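Report on the structure
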Amino acid sequence: MTLDGRKRRLGLRVLAGRGEGEEPRIAISEQDGVRALHLGDERVQSAMRLADPNALELAYTRAMMAFLLFVPHPREVLMIGLGGGSLAKFIHHRLPGVRTTVVELHPRVVAAARSFFYLPEDDERLKVQLGDGADYVRSHPGTADALLVDAFDARCPAPALADASFLADARDALRAGGALALNLLGDDPALPRHLKRLEAAFGTRPLCLQPEPGSNVVALALRDAPARLRWEVLKRRGKALEQALGLPFGAFVRALRQSSNPAGRALKFSEE
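So, a few notes on the structure that sits alongside this text. Here the residue numbers are simple positions, counted from 1 along each chain's written sequence. Totals for whole chains, interfaces and linings use every residue, but because this is a predicted model, local features are given only for residues with pLDDT of at least 70 and side-chain atom pairs only at 80 or more, for both listing and counting. Hydrogens and water are ignored here; the side-chain numbers use all heavy atoms of the structure.

Remarks on the packing of helix H8 (residues 231-245) against helix H9 (residues 249-259)
Just so we agree on the cut-off: Axes here refer to lines fitted to C-alpha atoms; in helices the fit is confined to the stretch in contact. Angles between the N-to-C directions go from 0 to 180 degrees. Secondary structure elements are defined from DSSP: runs of H or I of at least 4 residues count as helices, runs of E of at least 2 residues count as strands, and each element is numbered from the N terminus. Just so you know how the angles are binned, under 35 degrees is roughly parallel, over 145 roughly antiparallel, 65 to 115 roughly perpendicular, and the rest oblique. Only heavy atoms enter the contact rule, under which two residues are in contact if any of them lie within 4.5 Å. Three classes are used: nonpolar for Ala, Val, Leu, Ile, Met, Phe, Trp, Tyr, Cys and Pro, charged for Asp, Glu, Lys and Arg, and polar for all others, with Gly counted as polar.
It is the contact of H8 with H9, at a shortest axis distance of 7 Å, that shows an interaxial angle of 150 degrees. Accordingly, the angle class assigned to the pair H8 and H9 is roughly antiparallel. Residues Trp231, Leu234, Lys235, Gly238, Leu241, Glu242 and Leu245 of H8 pack against Phe249, Gly250, Val253, Leu256 and Arg257 of H9. Split by residue class, the contact of H8 with H9 holds seven nonpolar, two polar and three charged.

This is the structure we're talking about:
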């Protein structure tokens, strides 16, 4: 079903939408006080609650912030893919000590984020740059404390941002102890292959969060991960972050423990 057909069925209101050349078809819809961005089809790429525009409306965007469990005091965050700008806005408003660079391929996506999703103009802590994310990552080694990759075409992660060479460059773009958060589709048949490539690039098995059944999977990988990190340390960090930011970090820690080793005393990054 096309977005227009789905719009008629659900009563959505398209505010803007068309594509030219390599640009994706962009559509903006609203329902029940939530504005959504669609790129190419009816899939929701980004969403914003109009009553709280700087909050993280979608569960996967909240899970992307789980990188703070491992990098609790980042200075430089690099984002590949802007969408509606939810993550960039949240970091800009809630983490005042962080400088954020966002690389977005499509000018119309940037225009939509600023026109419809209240993305602020660039300042000393926020820079949105047009360009190829893979090229940017390759040419900026050792510059980011956290790298958030959230770039899709209509149906799957952008191919150039899921291959082995990009993931190796992503590791190199991180400073020692830095973290990658990679948004993947939970129903993508290629998901196991993406995770194996991530493990090969970083040398440790990635940690995965699926905040809702059937939702996207956020894969976390650390550069120079410790052999193990005690659950009590993660629980304390999660509690402090939840109080500060209002996100479910306690649930993230519990989900990571359940998927790793519920009986163990530490989260193991290495079998040694």
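Some thoughts on the nonpolar core
Worth spelling out the cut-off: To form a nonpolar core, buried Ala, Val, Leu, Ile, Met, Phe, Trp, Tyr and Cys residues must be joined to one another through side-chain atoms within 4.5 Å. Burial here depends on accessible area, computed with a 1.4 Å probe over protein chains only, as a share of the maximum for the residue type. Under 20% is buried, over 50% is exposed, and the range in between is partly exposed.
Counting 55 residues, the largest nonpolar core has Met65, Phe67, Leu69, Phe70, Leu82, Leu220 and Phe249 as its most contacted members. Once residues within four sequence positions are removed from consideration, Phe67 is found in contact with Pro74, Val77, Ala146, Leu148, Ala179 and Leu220. Core analysis: the next-biggest nonpolar cluster, separate from the first, contains 27 residues, Tyr136, Ala151, Leu161 and Ala219 among them.

Focus: helix H7 (residues 191-202)
How we decide: Multiplying 1.5 Å by the helix residue count minus one yields the expected span of that helix. The arc in question is the one traced by the directions running from the helix axis out to the C-beta atoms.
Between the first and last C-alpha of H7 there are 17 Å, a value that for 12 residues agrees with the 16 Å anticipated at 1.5 Å per step. Where H7 is concerned, the buried positions are Leu191, His194, Leu195, Leu198, Ala201 and Phe202. Along the axis of H7, the buried residues cluster in a sector spanning 120 degrees; they form a single face. Exposed side chains of H7 directed beyond 90 degrees from the buried face belong to Lys196 and Ala200. Turning to H7, the residues buried within the fold contact helix H6 (164-173), strand E8 (174-184), strand E9 (207-209) and strand E10 (217-222).

Read these as geometric descriptors, not functional statements.
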